[in-house]
Amino acid sequence: MTNLALIATGGTIACTTVRDGSLVPTVTGAQLAADIDAKVVEFRQLDSSSITLADLDELIGVVNEQTARADIDGVIITHGTDSMEETAMALEIFCAGDTPIVLTGAQRSYDHPHPDGPRNLRDARELALSGQPGVFIRFGGMTIPARGARKQHTSDLRAFESLRVPDATPRLQPQPLAPHPVEIIPAYPGAGRVLVDAARTSAAGLVIEAMGAGNMSGDMGRALADALRDGLPVVISTRTPYGATALSYGGDGGGASLRSLGAINAGAFRPSQARILLAAVLATGTDPAEVFRQSPDPKRYREA
């Protein structure tokens, strides 16, 4: 007899095709777990794009309840792929311990002629029973650590990649994330200040999906300068697929100018996981600058 818990949250792995041709989560955790012998927690039936910080708060509590049980050796979470990287990061911060925690899902629906969910579930079961501590995504034959995980393709069965973010994830005592909303705001050439100014009225922090190594338009940079002077935490990430941000350019929209006012370098974190990490440190009263600490930002050029 195995000692696994399966927490079902919905996602494509639980979707079937309804009359209008759309995919809707209809399959229960008990149906998904039929072939892997797990104790089921029916948590949600959601598209993962709809998961809120309040949902994450509740999920963190459920996962910690399961990992605290002496009769549970591993936890599997079935989850939609759209926000799996965010949930994995939250669990890494608040739930990581000695018990394997494995997220999995599918790119093809439960009723697809060739579904990928059953294989992913079997692989997740094997990893959850391995005794390897940590939080992982097991998907498409790959094991991806939670820290640095990212969905890299909309439909390929090998949906996720690892950005191998250096250092270690802080292990924090759970505190509610929902009261600390963090907004992600994209930068683009000529972006104005309207989105930043609007977000300042309700956000607890901002993550900027900057261009290149951490830059944006002058107007957007001036809006962020005002937000920083008001004490709003700002983390600067990038829309570029690979490489770390380096806040090294001057000017009103340059990363170095904003860094001098207290903006934080996301390093190798992309906006999705930077948002969760910033919300977590705000919820727990942890210093964001310490958690996101990077090597010195400015580019170094060797003399000829």
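Located above this text is the structure these notes cover.
Residues numbered from 1 in each chain as written. Predicted model: local features only at pLDDT ≥ 70, side-chain atom pairs only at ≥ 80, totals over all residues. Heavy atoms only, no water.

J.: Before we go on, may I ask you to explain the overall build of the protein in this structure?
T.: Looking only at helices and strands, the protein has nine helices and 14 strands in total. For 304 residues, the compact-globule estimate of 2.2 N^0.38 gives 19 Å, and the protein sits close to it at 20 Å. The dimensions of the protein, computed from C-alpha atoms along their principal axes, are 60 × 45 × 45 Å. With 304 residues in all, the protein has 51% of them scored as buried. (Helix = DSSP H or I, 4+ residues; strand = E, 2+ residues; numbered from the N terminus. Rg over C-alpha atoms; globule rule 2.2 N^0.38 Å. Buried < 20%, exposed > 50% of the residue type's maximum accessible area, 1.4 Å probe, protein only.)

J.: Which parts of the structure should I look at to understand the nonpolar core?
T.: Here is a general trend for soluble globular proteins: nonpolar side chains tend to be buried in one another's company. Among the nonpolar cores identified, the biggest contains 51 residues, and Leu-91, Ile-137 and Leu-177 are the most heavily contacted of them. Among the elements that take part in this core, helix α8 (residues 271–284) stands out by supplying eight residues, more than any other. Setting aside residues no more than four positions away along its own chain, Ile-137 makes contact with Met-84, Glu-85, Ala-88, Leu-103, Met-142, Thr-143, Ile-144, Ala-149 and Phe-160. Residues Ala-191, Ala-199, Met-220 and Ala-227 belong to the second largest nonpolar core, which totals 23 residues. (Core = buried A, V, L, I, M, F, W, Y, C linked by side-chain atoms within 4.5 Å. Contact = heavy atoms within 4.5 Å.)

J.: Please explain the sheet that holds strand β4 (residues 39–46) as it appears in this structure.
T.: To summarise the sheet geometry, strands pair through backbone hydrogen bonds and adopt either a parallel or an antiparallel arrangement. A sheet is described by the order of its strands in space; here six strands give the open sequence β4-β1-β5-β6-β7-β8, paired in mixed fashion. Of all the strands in the sheet, just β4 and β8 (142–145) have a single pairing partner and so form its edges. Ignoring which end each strand starts from, the neighbouring axes of this sheet average 20° apart. Alignment of strand β6 (residues 100–104) against strand β7 (residues 134–139), held across four bridges, turns out to be parallel. Bridge pairing links Ile-101 to Val-135 in β7. Running over the sheet, helix α4 (residues 117–128) touches β1 (4–10), β5 (74–78), β6, β7 and β8 and is turned about 170° from β6. (Pairing = 2+ DSSP bridges. Axes fitted to C-alpha atoms, helices over the stretch in contact; angles between N-to-C directions.)

J.: Would you explain the pairing of strand β11 (residues 182–186) in this entry?
T.: Residues in a regular strand point their side chains to alternate faces of the sheet. Strand direction decides the pairing type here: β11 and strand β12 (residues 205–210), joined by five bridges, are parallel. In the strand pairing of β12, Val-182 is matched with Gly-205. The parallel pair β11 and β12 is bridged by helix α5 (residues 194–199), and the resulting crossover is right-handed. (Right-handed = clockwise from strand over helix to strand, strands pointing away.)

J.: Would you mind showing me how to read the pattern of salt bridges here?
T.: Inspection of every chain in the model, using the stated rule, returns 16 salt bridges. Between Asp-226 and Arg-193 there is a salt bridge, and its shortest N-O distance comes to 2.8 Å. Of this pair, Asp-226 sits in helix α6 (residues 218–229) while Arg-193 is found in the loop between β11 and α5, placing the two residues 33 residues apart along the sequence. The exposure class of Asp-226 is partly exposed, given its relative accessible area of 28%. (Salt bridge = Lys/Arg side-chain N within 4 Å of Asp/Glu carboxyl O.)

J.: Help me out: how do you make sense of α6 in this one?
T.: Quick reminder: α-helices carry 3.6 residues per turn. Residues three or four places apart thus point the same way. A rise of 1.5 Å per residue sets the reference length of α6, with its twelve residues, at 16 Å; its end C-alpha atoms lie 16 Å apart and thus fit the reference within 8%. For α6, the set of buried residues is Met-220, Gly-221, Ala-223, Leu-224, Ala-225, Ala-227 and Leu-228. Its buried side turned inward, α6 meets β11, α5, β12, β13 (234–238) and α7 (255–259). In the segment just after α6, Gly-231 is the residue with positive phi, at about 95°. (Expected span 1.5 Å × (residues − 1).)

J.: Would you mind showing me how to read the packing of aromatic side chains here?
T.: The way to describe two aromatic rings as a pair is by their centre distance and the angle between their planes. For the structure on display, the rule yields two aromatic pairs. Pairing Phe-139 with Phe-160 gives two aromatic rings, centres 5.3 Å apart and planes at 70°, and the pair type is edge-to-face. Separated by 21 residues along the polypeptide, Phe-139 in strand β7 and Phe-160 in strand β10 (residues 160–162) bring together distant segments of the chain. The residues Phe-139 and Phe-160 share a single accessibility class, namely buried. Summarising the aromatic geometry, the rings of Phe-269 and Phe-292 are spaced 6.1 Å apart at their centres and angled 75° between planes, so their arrangement reads as edge-to-face. (Phe/Tyr/Trp six-rings, centres within 6.5 Å; stacked < 30°, edge-to-face > 60°.)

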